[in-house]
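Letter by letter, the chains look like this.
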Amino acid sequence: MTLYSIRSFDKSVDTTSFSCGQPLLDEYIRRYASQDVRRNVARVFMATPENDSHHLAGFFTLSAGSVSCSELPESLAKKLPRYPSPVALIGRLDVDTGFQGKGLGLILLADACQKVANASAMLAMAGIVVDAKDAEAASFYRHFGFLPLPGQPARLLLPATAYRA
Ligand SMILES: CC(C)(COP(=O)(O)OP(=O)(O)OC[C@H]1O[C@@H](n2cnc3c(N)ncnc32)[C@H](O)[C@@H]1OP(=O)(O)O)[C@@H](O)C(=O)NCCC(=O)NCCS
């Protein structure tokens, strides 16, 4: 079983050989990730195999976001205020094809949820939102309990009650 180290994105990893199978998504880690970190619009976390710290196996991004009450399913809307609620946003979560299907996507998602749960002790967030890039990605998030927002099948939300103790 491969063990991974997850740490903040830096230039010690080789991004040129990273491919999640969708070239447009791969461009992000090569060209925009460090820019986003510098501009404070995303935190980027990368996973490397424990025995190969230059090999980028997967990554995810976290940012702050918000959802308006009208976007939410009725069952959630009635538990939240009428004004927009703060959420964490997973903007990207991609696994290199060589590592797919071996549990790394789950490890990254669990780590993202843990980081949001930790941050929530200081900065309240009502849940985690993801913008799935296609139907396959949306299906991955639904597998872990994310709920599609009505009328926006690519936008899904995991309520804080699902990951906070
Ligand atoms: C989607 C992606 C992140 C999944 O990563 P992965 O490492 O292959 O997934 P894992 O091996 O960790 O799978 C964990 C679980 O999710 C399930 N799963 C994986 N992909 C799935 C999908 N598309 N739909 C439903 N379930 C899925 C697995 O069956 C597994 O289930 P189990 O824990 O019950 O056995 C990866 O395939 C990827 O990077 N794809 C290309 C980019 C992309 O679509 N990113 C999504 C963000 S927009």
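For the structure itself, look to the data block above.
Report follows, based on the coordinates. Quick caveat, the model's predicted, so the values are computed rather than measured. (Residues numbered from 1 in each chain as written. Predicted model: local features only at pLDDT ≥ 70, side-chain atom pairs only at ≥ 80, totals over all residues. Heavy atoms only, no water.)

1. Observations concerning the overall build of the protein
Worth spelling out the cut-off: Only runs of H or I of at least four residues qualify as helices and only runs of E of at least two qualify as strands under DSSP, and these elements are numbered from the N terminus. Here the globule rule reads 2.2 Å times residues to the power 0.38, and the radius of gyration is calculated from C-alpha atoms. Burial classification: accessible surface area is computed with a 1.4 Å probe over protein chains only, and a residue below 20% of its type maximum counts as buried, one above 50% as exposed, and the rest as partly exposed. Whether two residues touch is decided by their heavy atoms; if any such pair falls within 4.5 Å, the residues are in contact.
A tally of regular secondary structure across the protein gives four helices and seven strands. Its helices and strands taken in sequence order, the protein reads β-α-β-β-α-β-α-β-α-β-β from the N to the C terminus. Taken against the 2.2 N^0.38 rule, which gives 15 Å for 165 residues, the C-alpha radius of gyration of the protein at 16 Å falls within 12% of a compact globule. Expressed as lengths along the three principal axes of its C-alpha atoms, the size of the protein is roughly 45 × 30 × 30 Å. Relative to its full complement of 165 residues, the protein shows a buried share of 42%. Of the contacts formed within the protein by residues at least 6 apart in sequence, a portion of 66% connects residues at least 24 apart.

2. Some details on the side chain of Thr48
Counted only if it meets this: Distance and chemistry together define a polar contact, namely a pair of N or O atoms within 3.5 Å, with one atom able to donate a hydrogen and the other to accept it when in protein, and with adjacent residues in sequence counting only for side-chain atoms on both sides.
You can see Thr48 is positioned in strand 2 (residues 43-49). What makes Thr48 buried here is its relative accessible area of 0%. One polar contact links Thr48 to Arg7, side chain to side chain, over a distance of 2.9 Å.

3. Observations regarding the packing of aromatic side chains
Filter applied, for reference: Two rings from Phe, Tyr or Trp (for Trp, the six-membered ring) form a pair when their centres are within 6.5 Å of each other. A pair whose planes differ by under 30 degrees is stacked, one over 60 is edge-to-face, and the rest are tilted. Placement of a charge over a ring requires the Lys NZ or Arg CZ to be within 6 Å of the ring centre, with the centre-to-atom vector within 35 degrees of the ring normal.
Across all of its chains, the model carries seven aromatic pairs by this definition. Relative to Tyr141, the ring of Phe140 lies with its centre 5.3 Å away and its plane at 70 degrees, an arrangement referred to as edge-to-face. Overall, Phe140 belongs to the partly exposed group, its relative accessible area being 27%. Taken together, the aromatic side chains of Phe140, Tyr141, Phe144 and Phe146 make up a single cluster linked through ring pairs. Stacked on the ring of Phe99, the Lys or Arg Lys102 has its end atom at 6.0 Å from the ring centre.

4. Some thoughts on the nonpolar core
In plain terms, the rule: Take the buried residues of types Ala, Val, Leu, Ile, Met, Phe, Trp, Tyr and Cys, join any two whose side-chain atoms come within 4.5 Å, and each joined set is a nonpolar core.
Counting residues in hydrophobic clusters, the biggest one holds 29 residues, and the most contacted among them are Ile90, Leu104, Ile128, Tyr141, Phe146 and Tyr163. Going through the elements one at a time, strand 2, strand 3 (58-67), strand 4 (85-95), helix 3 (104-119), strand 5 (127-131), helix 4 (135-143) and strand 7 (152-159) are the ones with two or more residues in this core. At seven residues, helix 3 tops the list of elements feeding residues into this core. Setting aside its immediate chain neighbours within four residues, Tyr141 contacts Ile90, Leu93, Leu109, Val130, Ala132, Phe146 and Leu156. Membership of the second largest hydrophobic core comes to 13 residues, among which are Phe9, Ala33, Val44 and Leu56.

5. Focus on the environment of Ile90
Within the secondary structure layout, Ile90 lies in strand 4. For the pair Ile90 and Tyr4, spaced 86 residues apart in the sequence, the C-alpha separation amounts to 20 Å. Non-local contacts of Ile90, meaning those with residues more than four positions away in its chain, are made with Thr61, Leu62, Leu109, Ala112, Ile128, Val129, Val130, Asp131 and Tyr141.

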